[in-house]
Amino acid sequence: MIYLDNAATTFPKPNEVTDALTAYMTSCGASPGRGGYDSSIRSAEMLFECQEEIARLLSIPSPERIVFTKNATEALNAAIFGTVDAGDEIIISSMEHNAVMRAAHECSRRGVYVKIAHGSPTGKIAPESIKNLITDKTKLICLIHSSNVCGTINDIYSVQKIATESNTLALFDLSQSAGIIPIDASGLDMVAFSGHKGLMGPMGTGCLYIREGIDPSPLLFGGTGSYSESARMPLIYPDRFHAGTVNAPGIAALCEGVRFVLREGVFEKEKEITSYMYDALSDISGVTVPGERERTNAISVICPHHDCVHIAEELNISQVCVRAGLHCAPMAHRTIGTIQSGTIRFSAGFFTEKPDVDFALSALKKIIGK
Amino acid sequence: MLATVASVSSANRLRLALLKQDVPSRVIQTPSSLTKEGCGYSIRFPDEYKPFVKKTAASLNINIRSFFREETNNSQTTYFKE
């Protein structure tokens, strides 16, 4: 099998990740912060270690303000619904995934005014286009760092600067960039990301980082193992956002995934294999590749006169795994002009080798008759 | 001696910072007789390190609720607030 759907979730995972998951389930098993016995304390320690490793990777100054969620969607929802209220304005971009788009739609139903900054045909959001939408009612700017459709990378640092100068908060979706390209989140307000994509962890893991000085309301309310006599959620992090038992086995495995990313220097390899695939796809006559060459690992293609889902089905017969359709980002497809056709998305990962790409593209050429 | 803190994550942060400075310590669940807000965690460490623990916690912005000296007689532990 040639797995080229790493933008959905990375596969395979490093051995250390699966080993850590198994070890937690078979040897530790305790709930962190819920007891005083050794394995519960060790479990809490492991959560802390994972926060520290993520902080190291993303240059986050306060590891304790990294909270674990079940995925990036939950992290984004927690940040959005915890920040904006009726009467506020939120600015999102036209390249957002439905994790933000649908949350913003729900916000508008609750009386929040939603503004959309439109991207270029390559999927790039100009920071100025966001700046032009800011008013004194703008509470939050939400921007995807890298498109899950075409991999285009946005300038989050300039947008953060604009937000800070406008006394507005910024939230960045790093789902397609964390662990894929270098990121310095030290000056960012809030970032959300998956644990199971570039960070190589298992599905069921995600994170939200909230810098000191910002305090969104929690999305969930419940037991945290701290301040138990109070009916209110604790103010301390990460407890404030850790209502209920966390996915400790998943976080133990995620910790090893992050260590793998830190140790193996994955950025160069990711860039090399993606550029190789981008160039090879661009060379196939009759195939269009929207977006810019400088990108993260998502490469969408259109093959005129061929249904993208049909091509993905045919590739599946050749044991090549790719994703076809709108990739849960319809406005992104409108932005790059592919809403009618959808696209076939090829996304390589750290473990993808050039012969894998050659095989997949050879199969594609046969299907489209090139 | 016990230093009581709000959560297990604060306790772990403090313990690891102390460990890096070769201060022996251990995270334990705070005895229920000492916690007014339930389910707290504490750091247990030798009494002589109290000023050091206090300083390290302050540098990490960790709020130590109280320090308790422990005395055990006939398997009965008594805690004295410092």
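### Comments concerning the domain arrangement of chain A
All names here are of chain A.
Thinking step 1. Assigned domains within chain A: domain 1 (2–10 + 266–368) and domain 2 (15–263).
Thinking step 2. Computed from C-alpha coordinates alone, the two centres of domain 1 and domain 2 are separated by 27 Å.
Thinking step 3. Contacts between the two partners involve 31 residues from domain 1 and, on the opposite side, 36 residues from domain 2.
Thinking step 4. Together, the buried faces of domain 1 and domain 2 total about 2,700 Å²; carbon and sulfur atoms form 61% of this surface.
Thinking step 5. The residue Lys 124 makes a salt bridge to Glu 292 at a minimum N-O spacing of 3.6 Å.
Thinking step 6. Between the two partners, domain 1 and domain 2, sit 15 residue pairs in polar contact (both at pLDDT 80 or more).
Thinking step 7. For the side of domain 1 that touches domain 2, the elements supplying multiple residues, two or more each, are helix H8 (266–282), strand S9 (298–301), helix H10 (330–336) and strand S12 (343–347).
Thinking step 8. A class-by-class count of the residues in the side of domain 1 that touches domain 2 yields 16 nonpolar, 10 polar and 5 charged.

### Points about the nonpolar core
Residue and element names in this part refer to chain A.
Thinking step 1. Ile 54, Phe 172 and Phe 193 are the most contacted members of the largest nonpolar core, which totals 56 residues.
Thinking step 2. Considering every element that reaches this core, the biggest residue donor is helix H7 (residues 248–264), with 8 residues.
Thinking step 3. Mapping this core onto the domain boundaries places at least three of its residues in each of domain 1 (2–10 + 266–368) and domain 2 (15–263).
Thinking step 4. Here Phe 172 is in contact with Leu 143, Ile 156, Val 159, Gln 160, Leu 188, Met 190, Val 191 and Ala 192, once residues within four sequence places are set aside.
Thinking step 5. Core analysis: the next-biggest nonpolar cluster, separate from the first, contains 29 residues, Phe 81, Val 84, Cys 107 and Cys 142 among them.

### Some thoughts on the interface of chain B and chain A
Thinking step 1. Taken together, the 19 residues of chain B in the interface contact 21 residues of chain A.
Thinking step 2. Both sides together, the interface formed by chain B and chain A hides about 1,700 Å², and carbon and sulfur atoms give 53% of it.
Thinking step 3. Across the salt bridge formed by Glu 64 of chain A and Arg 13 of chain B, the nearest N and O atoms sit 3.6 Å from each other.
Thinking step 4. Inspection of the chain B/chain A interface yields 7 residue pairs in polar contact (both at pLDDT 80 or more).
Thinking step 5. Residues of the side of chain B that touches chain A, tallied by class, amount to 6 nonpolar, 6 polar and 7 charged.

Parameters and conventions
- Residues numbered from 1 in each chain as written.
- Chains lettered and ligands numbered in written order.
- Predicted model: local features only at pLDDT ≥ 70, side-chain atom pairs only at ≥ 80, totals over all residues.
- Heavy atoms only, no water.
- Domains from an automatic or database assignment.
- Contact = heavy atoms within 4.5 Å.
- Buried area = accessible area lost by both parts, 1.4 Å probe.
- Salt bridge = Lys/Arg side-chain N within 4 Å of Asp/Glu carboxyl O.
- Polar contact = N/O pair within 3.5 Å; in protein donor to acceptor, adjacent residues only side chain to side chain.
- Helix = DSSP H or I, 4+ residues; strand = E, 2+ residues; numbered from the N terminus.
- Nonpolar A, V, L, I, M, F, W, Y, C, P; charged D, E, K, R; others polar.
- Core = buried A, V, L, I, M, F, W, Y, C linked by side-chain atoms within 4.5 Å.
- Buried < 20%, exposed > 50% of the residue type's maximum accessible area, 1.4 Å probe, protein only.

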